[in-house]
Protein chains: 2
Amino acid sequence: MKPAFTIGVDYGTNSVRAVVVDCADGRVLGTSVFDYPSGDHGVLLDPRDPHLARQNPGDYLLGLDASISGAVEEAERQPDFERARVVGIGVDTTGSTPLPVDEDCQPLALYPRLHGELAAYAWLWKDHTAAEEAAAITETARRHAPEYLAPIGGTYSSEWFWSKIWRCLRVAPAIFERAVSWVELADYIPAVLAGTKDPKAVMRCVCAAGHKAMYSDAWQGLPSKAFLARLDPKLADLRDRLYDRAYPADRPAGRLVKAWADTLGLPQGIPIAMGGFDAHYGAVGAGVRTGTLVKIIGTSTCDCAIAPTGGDVRNVPGICGIVNGSIMPGYYGIEAGQSAVGDILRWWVERVCQGRDELHAELSAEAARFAPGASGLMALDWNNGNRTILVDPKLTGLVLGQTLHTTRAEIYRALIEATAYGARAIVERMVEYGVPVERVVCCGGIAEKNDLFMQIYADVLGQPMLVAGSPQTPALGAAISAAVAAGEAAGGHATFEAAQAKMTSMKDTRFEPNAAAHAVYDELYGVYRELHDAFGGVAGAGGDLGTLMKRLLGIRERAG
Amino acid sequence: MKPAFTIGVDYGTNSVRAVVVDCADGRVLGTSVFDYPSGDHGVLLDPRDPHLARQNPGDYLLGLDASISGAVEEAERQPDFERARVVGIGVDTTGSTPLPVDEDCQPLALYPRLHGELAAYAWLWKDHTAAEEAAAITETARRHAPEYLAPIGGTYSSEWFWSKIWRCLRVAPAIFERAVSWVELADYIPAVLAGTKDPKAVMRCVCAAGHKAMYSDAWQGLPSKAFLARLDPKLADLRDRLYDRAYPADRPAGRLVKAWADTLGLPQGIPIAMGGFDAHYGAVGAGVRTGTLVKIIGTSTCDCAIAPTGGDVRNVPGICGIVNGSIMPGYYGIEAGQSAVGDILRWWVERVCQGRDELHAELSAEAARFAPGASGLMALDWNNGNRTILVDPKLTGLVLGQTLHTTRAEIYRALIEATAYGARAIVERMVEYGVPVERVVCCGGIAEKNDLFMQIYADVLGQPMLVAGSPQTPALGAAISAAVAAGEAAGGHATFEAAQAKMTSMKDTRFEPNAAAHAVYDELYGVYRELHDAFGGVAGAGGDLGTLMKRLLGIRERAG
């Protein structure tokens, strides 16, 4: 059989990366990264509002051409590559990153006269301007439609689809009125490649719909008009212009349109896989399967697992989402996360210790010399709130147990340990609600570079920690989805499972738990949970301490 | 009237300082500091036991000559000074710093054949080897003689007289057997100058006896033989060889003996004031009087107040001590303290931020720009345990409220604020039990150098913070005591109050509370007390959190 190649395109926060992958073995033949030219490393900011984070859709289009062209050109230097043997393209993006579009599915931000209207741009996942709207959606759903919250952990986030659109309606009504529809970035890019011009015809992935827009087969689609009308009647009207169905990646989003085929020099009509979130396709590229938890460890962490749809998985309180088909077709996709992991360590190194990147290695080396528990320290990993279990963005950090001899390396270790306890709390919650976790696969720079971090996680979780073979699992996962969309006959694969078997791998390094360390960490984890429950406001724990961090923030707001 | 001068000699942890002072106005004519030559900056350490801290009595004797001689030589450069017009000498020292002596009141450590026997040396105040003994004394007293604990806050410390002597008996019985008696450093130095050779004849100050040795007029002296026999019958035997009475500074400890008069070139027979602790004489030198709290702010803090003996002062739970006559004759002397203040800031600057001395000023300048409450941070000042209120050396530090943006200057400020909340807790406790606190006078380098620190204290306490005029209040207080011992006829003063009126002063700088800041700090102090009570194990607060820090230390011990 002739070789076949697919392209995975990964839209991150600061850049877009394309890879050309061999469907036979997952080998990467070409890679290219395009840094978004707009704003601060691709993010449009508002000096008056630190919560605002937008992106320029023009950057997405420039980057689509540049990254794919670059990756294909690099692949052409390999003797066995031919452009004609590219059999599909897959796309993953950040999310929820919705953008308002016109009747031709053109982003409003591309209109010259709307230049500078930040509400017309893409509302980047980490835009937190819609905190009020999120709280009101949560409150309304709790009262009138609690079923909407059950699959998404019980709390609707300011980062998500409806919060942002409602925010736009409230602060930039002219933009809201001008928008015929709103499209998630994960659906927009495949639609561009497929030449889809009608917003209603855009294939919507269940990944964005189910995790961020309260979409479910259980209530035939998006939230009811009656519910949306409680928020604002105009949102109820918008519902008609959005979509009725969303799909897992068991079908393509479309086929490569002639214009883009010409631009990219790739075969017209090859399948464009259904879009998906970076974390979800990252899990695919890391070899997610039943019993495997994939941890994508970066500034924050995304934890992905799947479970058979026929199994006994229930909605898990405090877990961001359980959606049928969201990570891989035929499974529940389960997504959780920690709101800061790498960011906490970077905070300590850069902001407190005023060090540079090298200091991570130095502090890790020093911290590796201590036995578990030897510092007497305990920390809570909440410097950026708590995303999973407590689902409370207003919680803050805590370090306890300092003496006059406590070193910065000991605190660095305590912060790593705190994130590991947070990770364990998520695993325990998943297992408690029927999601099996038998092995943990990690991806991301920290997993590849920081052995102390990985060993602590193995010791705290009491499970081996594996490292995904690819350093670019989201792009690889998108390429896998493209290989499945292409199908076996075209040189791709019949199923995700078959594609993963050929195209994914693990690094040789794996971190085994040490029994003695695990025993100490069992005890320390108990202490962590006491603080977690007391300061997290878990009923019956800690009394008034459960509101203490919030009261300090209240004082802070009045003081500021 | 001819001018008259007194000498104050201040035995610190690393050096001894002498000052020559004019009795008319407190002016310092000469100063000399002698650094102890032995050990690590004067402290003998044991690499196997971090709790051990001893001193070489030989250093004390060398330093007595060197410091006084140096100060007098410097004074001689002043036109109005004459050696013949020196009318008295006063001494203050660290404490409890007991040393074992022979039948001639010679320290055992001076015997060449005991060289290197660390138990034979002076047991420095900060020696913590006797933790077990202290706990057993507390336990025994709680059961059989709770009255002994009432005036010393309810807990007997490992730093104190009986703990150390009992420890010596247990770990170095030969030294214990060889000791005819034990003398506090504060009593030993005056005895040396007075030529007192019989341990039973050494004048014992009530300052050391009452605060550290459970001495009280209420039970006619030291603890009963029956009580001591419960600890060890040999301690009961020792009681006979100690002392029956201890005295306030309303009488001299003796008169300058010929040998030392010749050595120092000072008039034979001038009065040697009763010895006292550095903090107590520091309070005298800072102008302590009814309604004035003197805070001696250094690595740790000592808070001293006095109250009329006829008033309604009761024993204050959690306050280190209330002793009739201990700070000034005719008053109750009340002593409290915080186990780390400057030390916590130094820990942050040196150990965590890896900065030098200059960084204190830099962080203070940055921290001064924030409004109270604006950081959202809250800390507990327990990096070295809690000395007053909770009286628990095994408590540890806590910092809470960190975000990813929290800076090291904000944490520096939060640590200052934590010590201020700790200070307020002490003031509130004193006032609650009848000790009036109408003004606060601070001494020490931090008080003189760090305006932010002082302003925060004024704002947290809601009271003006004054700064003592002398940078060496303990030595000045000892010189004042000498002036009172000399008496008015000799050019000294009739009473401590009269001497203070002439010889002490305040700096012009004073820090007034800002009403708006005080209001915010009132609220923050409430939050501090919640954490204080929860983690301090106050009954009814925090449940299991009250033991959490101790459980971490338990894990730490097993891990180490």
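This structure is a prediction, so every number in the text was calculated from the model and none was measured.

Attention shifts here to helix H2 (residues 131-144) of chain B. Its 14 residues give H2 of chain B an end-to-end C-alpha distance of 20 Å, which sits within 8% of 20 Å, the value for a rise of 1.5 Å per residue. Residues of H2 of chain B that are buried: Glu133, Ala134, Ile137, Thr138, Thr140 and Ala141 of chain B.

Residue and element names in this part refer to chain B. Relative to the helices and strands, histidine 280 resides in helix H11 (residues 278-285). A distance of 2.7 Å separates a polar atom in the side chain of histidine 280 from a polar atom in the side chain of glutamate 335. In this structure, histidine 280 is in contact with Cys207, His211, Cys304, Ser326, Ile327 and Glu335, ignoring residues within four places of it in sequence.

For helix H20 (residues 548-559) of chain B, spanning 12 residues, the distance from its first C-alpha to its last is 16 Å, which sits close to the expected 16 Å at 1.5 Å a residue. Listed as buried for H20 of chain B are Leu548, Met549, Leu552, Leu553 and Ile555 of chain B. Down the axis of H20 of chain B, the smallest arc covering the buried residues is 160°, so these residues share one side. Among the exposed residues of H20 of chain B, those oriented more than 90 degrees off its buried face are Glu557 and Arg558 of chain B. Those residues of H20 of chain B that are buried lie in contact with strand E17 (378-380), strand E18 (397-402) and helix H19 (515-536) of chain A together with strand E17 (378-380), strand E18 (397-402) and helix H19 (515-535) of chain B.

A few words now on the domain arrangement of chain A. Residue and element names in this part refer to chain A. Taken domain by domain, chain A consists of domain 1 (5-278 + 473-507) and domain 2 (289-468 + 514-560). The centre of domain 1, based on its C-alpha atoms, is set 28 Å off from the matching centre of domain 2. On the domain 2 side, the residues contacting the 22 residues of domain 1 number 26 residues. It is His211, Met506 and Lys507 in domain 1 that bury the most area against domain 2; as a group they hold 29% of the surface buried on that side. Glutamate 335 is the salt-bridge partner of lysine 212, the closest N and O atoms lying 3.7 Å from each other. At the boundary of domain 1 with domain 2, the tally comes to 6 residue pairs in polar contact (both at pLDDT 80 or more). For the side of domain 1 that touches domain 2, the secondary-structure elements that each account for two or more residues are helix H7 (206-212), helix H18 (496-503) and strand E21 (506-511). Looking at the side of domain 1 that touches domain 2, the element that brings in the most residues is H7, giving 5 residues. Grouping the amino acids of the side of domain 1 that touches domain 2 by side-chain chemistry returns 10 nonpolar, 7 polar and 5 charged.

A few words now on the pairing of strand E6 (residues 86-93) of chain A. All names here are of chain A. With 8 of 8 residues buried, E6 lies mostly within the body of the structure. Inspection of the sheet shows strand E1 (residues 5-11) paired to E6 by 7 bridges, in the parallel sense. In the sheet register, valine 9 faces E6, and the bridge partner there is valine 91. Examined bridge by bridge, E6 and strand E12 (residues 276-277) share 2 bridges and lie parallel to one another. Of the residues in E12, the one forming a bridge with threonine 93 is phenylalanine 277.

Overlaying chain B with chain A gives an RMSD of 0.1 Å, the required rotation being 180° about an axis along which the chain moves by 0.1 Å. As the rotation angle and translation indicate, the two copies are arranged about a two-fold axis. Mapped onto chain A, 100% of the interface residues of chain B again fall at the interface, so both copies present the same surface.

All names here are of chain A. Judged by pairing direction, the sheet is antiparallel, and its 3 strands sit side by side in the order E4-E5-E8 without closing on themselves. The open sheet is flanked by strand E4 (44-46) and strand E8 (122-123), the only strands paired with a single partner. Strand direction decides the pairing type here: strand E5 (residues 49-55) and E8, joined by 2 bridges, are antiparallel. If you follow glutamine 55 over to E8, its bridge partner there is alanine 122.

Within this structure, the stated rule accounts for 32 aromatic pairs over all chains. Ring geometry for tyrosine 148 of chain A against tryptophan 219 of chain A: centres 5.0 Å apart, planes inclined by 55°, an arrangement best described as tilted. Within this pair, whereas tyrosine 148 of chain A is found in helix H3 (residues 146-149), its partner tryptophan 219 of chain A is found in the loop between H7 and helix H8 (225-231), the two being separated by 71 residues in sequence. Exposure remark for tyrosine 148 of chain A: the relative accessible area of 5% places this residue in the buried category. Relative to tyrosine 457 of chain A, the ring of phenylalanine 453 of chain A has its centre 4.3 Å away and its plane inclined at 20°; by these criteria the two rings are stacked. Taken together, the residues span about one helical turn, with phenylalanine 453 of chain A and tyrosine 457 of chain A both in helix H16 (residues 451-461) at a distance of 4 residues. The exposure classification of phenylalanine 453 of chain A matches that of tyrosine 457 of chain A, with both residues buried. Here the aromatic cluster, defined as three or more aromatic residues joined through ring pairs, consists of Trp347 and Trp348 of chain A together with Trp347 and Trp348 of chain B. For the cation-ring pair, arginine 54 of chain A lies above tryptophan 123 of chain A, with the distance from its terminal atom to the ring centre recorded as 3.4 Å. Lying across the ring of tryptophan 166 of chain B, arginine 170 of chain B places its NZ or CZ 5.2 Å from the centre.

Turning next to the environment of alanine 141 of chain B. All names here are of chain B. You can see alanine 141 is positioned in helix H2. C-alpha of alanine 141 to C-alpha of arginine 558: the two residues are 417 residues apart in sequence and 30 Å apart in space. Ignoring any residue separated from it by four or fewer positions in sequence, one finds alanine 141 in contact with Pro146, Leu149 and Phe227.

All names here are of chain B. Assignment of secondary structure puts glycine 282 in helix H11. Glycine 282 sits 195 residues away from glycine 477 along the chain, and the two C-alpha atoms are 5.5 Å apart. Setting aside its immediate chain neighbours within four residues, glycine 282 contacts Ile296, Thr473 and Pro474.

Before going further, it helps to examine the interface of chain B and chain A. Counting residues at the interface gives 52 residues for chain B and 52 residues for chain A. When chain B packs against chain A, the two sides together hide about 4,300 Å² of surface, and 62% of this comes from carbon and sulfur. Summed over the three residues of chain B that lose the most area to chain A, namely Leu404, Leu552 and Arg556 of chain B, the buried surface amounts to 15% of that side. Linking glutamate 530 of chain A and arginine 551 of chain B is a salt bridge whose minimum nitrogen-to-oxygen distance equals 2.5 Å. Where chain B meets chain A, there are 25 residue pairs in polar contact (both at pLDDT 80 or more).

Residue and element names in this part refer to chain A. For the pair helix H13 (residues 358-367) and helix H14 (residues 408-432), interaxial distance at closest approach is 8 Å and the crossing angle is 90°. With respect to H14, the element H13 is oriented roughly perpendicular. Along its contact with H13, which presents Leu359, His360, Glu362, Leu363, Ser364, Glu366 and Ala367, the element H14 presents Arg408, Ala409, Tyr412 and Arg413. Broken down by class, the residue content of the contact of H13 with H14 amounts to 5 nonpolar, 2 polar and 4 charged.

What follows covers the pattern of salt bridges. Pairs may arise between side chains of opposite charge once their charged atoms sit close together. One pass over the full model with this rule turns up 60 salt bridges over all chains. The partner of arginine 251 of chain A in a salt bridge is aspartate 250 of chain A, and the shortest N-O contact between them spans 3.3 Å. Given the relative accessible area of 34%, arginine 251 of chain A is considered partly exposed. Its salt-bridge partner being glutamate 76 of chain B, residue arginine 83 of chain B comes within 2.9 Å of it at the nearest N-O pair. Using a relative accessible area of 40% as the deciding quantity, one classes glutamate 76 of chain B as partly exposed. Through salt bridges with shared partners, one network takes in Asp22, Asp25, Arg27 and Asp80 of chain A.

Each value, and the rule that gives it
- Residues numbered from 1 in each chain as written.
- Chains lettered and ligands numbered in written order.
- Predicted model: local features only at pLDDT ≥ 70, side-chain atom pairs only at ≥ 80, totals over all residues.
- Heavy atoms only, no water.
- Helix = DSSP H or I, 4+ residues; strand = E, 2+ residues; numbered from the N terminus.
- Expected span 1.5 Å × (residues − 1).
- Buried < 20%, exposed > 50% of the residue type's maximum accessible area, 1.4 Å probe, protein only.
- Polar contact = N/O pair within 3.5 Å; in protein donor to acceptor, adjacent residues only side chain to side chain.
- Contact = heavy atoms within 4.5 Å.
- Arc of directions from axis to C-beta.
- Domains from an automatic or database assignment.
- Buried area = accessible area lost by both parts, 1.4 Å probe.
- Salt bridge = Lys/Arg side-chain N within 4 Å of Asp/Glu carboxyl O.
- Nonpolar A, V, L, I, M, F, W, Y, C, P; charged D, E, K, R; others polar.
- Pairing = 2+ DSSP bridges.
- Least-squares fit on C-alpha atoms with pLDDT ≥ 70 in both.
- Phe/Tyr/Trp six-rings, centres within 6.5 Å; stacked < 30°, edge-to-face > 60°.
- Lys NZ or Arg CZ within 6 Å of the ring centre and 35° of its normal.
- Axes fitted to C-alpha atoms, helices over the stretch in contact; angles between N-to-C directions.
- Parallel < 35°, antiparallel > 145°, perpendicular 65-115°, else oblique.

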